[in-house]
Amino acid sequence: MALFLDQQFAPLPDTNEIATKTFLESVSHLPHFFDCLGSKVFAPIKADINGNITKIKAVYDSDPVKYETLQQILLIEKSIYGSEWPKVGATLALMWLKRGLRFIQILLQSLVDGERDEDNPDLIRINITKAYEQALKRYHGWIVQKVFKAAQYAAPCRSDFLKALSKDQEVAEEECLTKVRQFLINFTATVDAVYEMYSVMNAELDYLV
C-alpha cells in the first residue's frame, strides 16, 4: 500500500494554512493513482495533474520563502496579475489540480463507503461515475465528457483495482480499505481546505474545456 501509506498528507494547523513544499511532495505521488485504473483513457487526467503540479512547483521554487504557503501564492499572484487573476499562473494550476484531487477523494470515499452497483458488484464504474460527475463533469464540454464516459467502461474490476492500490500484493480487501480510510483523513481535509481558500478569495472559475 506504498501509494498511500508511505505518502500520508500532513495534518493541517488550526489556521488551515497549507505549506507549499509539503503539499507538493505529497501530491507528486498521486498521478500514479491513475495507473491503478488500468486504461490509457485516464492518461489525460494524469497528465493534467502532473502539468499543474509542475507549474505550481516552478512558482514555489522561484522564491520558497515568499511562496511558503498555498494561501501566499494566491494572495501574491492576485497583487501581481491584477485583472488577469485568477485565470493565470499557479492560481489557475492549483484550481485545476484541486479538481483532480477531489476526483480521487470522492472515488476512494465511495469505495470505502461500500457503494456498489447491485447488478455488477465487482465493477467500480459506479464509483468512478460519482467522482467524475461531482468533481469534473461540470467543467467539461461534451467532447471531453464522451471521452470520460468511455473511460468509465474501461475501468478495472473492483478486486483488480484494490490489488493495484496495494502495489499488486495479495492483500485482503478490508485491510486495503482500512488503509485507504486512514489515507483519506488528512487528504480530504487538505482538499477541503484548498476549496475553502478558493471560495473565500473568490478565485473559482467556471469555464469549460
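Here the structure is a predicted model, which means the values were calculated and not measured.

Here is what the cut-offs are and how they apply
- Residues numbered from 1 in each chain as written.
- Predicted model: local features only at pLDDT ≥ 70, side-chain atom pairs only at ≥ 80, totals over all residues.
- Heavy atoms only, no water.
- Salt bridge = Lys/Arg side-chain N within 4 Å of Asp/Glu carboxyl O.
- Helix = DSSP H or I, 4+ residues; strand = E, 2+ residues; numbered from the N terminus.
- Buried < 20%, exposed > 50% of the residue type's maximum accessible area, 1.4 Å probe, protein only.
- Core = buried A, V, L, I, M, F, W, Y, C linked by side-chain atoms within 4.5 Å.
- Contact = heavy atoms within 4.5 Å.
- Expected span 1.5 Å × (residues − 1).
- Axes fitted to C-alpha atoms, helices over the stretch in contact; angles between N-to-C directions.
- Left-handed = near helix turned anticlockwise from the far one by under 90°.
- Phe/Tyr/Trp six-rings, centres within 6.5 Å; stacked < 30°, edge-to-face > 60°.
- 1 Å grid on protein atoms, 1.4 Å probe; cavity = no way out; pocket = protein on both sides within 12 Å on 5 of 7 lines; lining within 4 Å.
- Points joined across faces, edges and corners; volume = space filled by probe spheres on them.
- pLDDT = per-residue confidence, 0-100.
- Polar contact = N/O pair within 3.5 Å; in protein donor to acceptor, adjacent residues only side chain to side chain.
- Arc of directions from axis to C-beta.

## Overview of the pattern of salt bridges
In the structure shown here, the tally under the stated rule is eleven salt bridges. The salt bridge partner of R99 is E204, with a shortest N-O separation of 2.4 Å. Note that R99 is positioned in helix α5 (residues 89-112) and E204 in the segment after α9 (173-200), a separation of 105 residues in sequence. Note on R99: relative accessible area 0%, which makes it buried. The partner of R102 in a salt bridge is D192, with the nearest N and O atoms 2.8 Å apart. With R102 in helix α5 and D192 in helix α9, this pair connects stretches of sequence that are 90 residues apart.

## Side note on the nonpolar core
Judged by nonpolar contacts, the single largest core of 68 residues is most densely connected at L94 and F103. Listing elements by their share of this core, those giving two or more residues are α2 (20-27), α3 (43-62), α4 (70-81), α5, α6 (125-135), α7 (142-153), α8 (158-165) and α9. The element contributing the most residues to this core is α5, with 15 residues. Once residues lying within four places of it in the same chain are set aside, the contact partners of L94 are F23, I56, L70, L74, V194, M197 and Y198.

## Topic: α4
Helix length check: α4, at twelve residues, gives a terminal C-alpha distance of 16 Å against a target of 16 Å (1.5 Å per residue), a fit within 8%. Along α4, the residues classified as buried are L70, Q71, I73, L74, I76 and E77. Once α4 ends, the next one or two residues include G82, with phi positive near 60°.

## Topic: the packing of α5 against α6
Between α5 and α6, the shortest axis-to-axis distance is 8 Å and the interhelical angle comes to 145°. Taken as a pair, α5 and α6 cross one another with a handedness that is right-handed. Taking contact as the criterion, the partners of R99, R102, F103, I106, L107, S110 and L111 in α5 are, on α6, N127, I128, K130, A131, Y132, Q134 and A135.

## Let's talk about the packing of aromatic side chains
Any pair of aromatic rings gets described here by the distance separating the centres and the angle formed by the planes. Tallied over the full model, the rule gives nine aromatic pairs. Geometrically, the ring pair formed by F9 and F183 is edge-to-face, given 6.0 Å between the ring centres and 75° between the ring planes. You can see F9 sitting in the loop between α1 (2-5) and α2 and its partner F183 sitting in helix α9, a full 174 residues away along the chain. Neither residue differs from the other here; F9 and F183 are each classed as buried. Relative to F161, the ring of F33 has its centre 5.9 Å away and its plane inclined at 90°; by these criteria the two rings are edge-to-face. Of the two residues, F33 sits in the loop between α2 and α3 while F161 sits in helix α8, which places them 128 residues apart along the sequence. Exposure remark for F33: the relative accessible area of 0% places this residue in the buried category.

## Structural notes on the layout of surface pockets
Each pocket or cavity is described by its volume, and for the largest pocket that value is around 220 Å³. Every residue along the wall of the largest pocket is listed here: P44, I45, D48, I49, W96, G100, L136, H140, V144, V147, F148 and V209. Looking at the lining of the largest pocket element by element, the count peaks at four residues for α3.

## Some remarks on the side chain of T91
In this fold, T91 is placed in helix α5. When near neighbours in sequence (up to four residues on either side) are disregarded, T91 contacts I73, L74, E77, W85, P86 and Y198.

## What to know about the confidence of the model for the protein
Confidence along the protein averages 92 in pLDDT terms, with 97% of residues attaining 70 or more. Within the protein, α1 has the poorest average pLDDT of any element, 54, and α4 the best, 98.

## Some words on the side chain of H140
Take H140: it is sitting in the loop between α6 and α7. Residue classification places H140 among the buried residues on the basis of a relative accessible area of 8%. Here Y132 takes part through its side chain, which lies 2.8 Å from a polar atom of the side chain of H140. Residues contacting H140, with those up to four places away along its chain left out, are Y132, Q145, F148, L208 and V209.

## Observations concerning α3
When the terminal C-alpha atoms of α3 are compared, their 29 Å separation across 20 residues agrees well with the 28 Å that a helix rising 1.5 Å per residue should span. Restricting attention to buried positions, one finds in α3 the residues I45, I49, N52, I53, I56, V59 and Y60. The arc that holds every buried residue of α3, seen down its axis, measures 125°, which confines them to one face. In α3, the exposed positions that point more than 90 degrees away from the buried face belong to T54, K55 and S62. Residues of α3 that are buried in the fold lie against α2, α4, α5 and α7.

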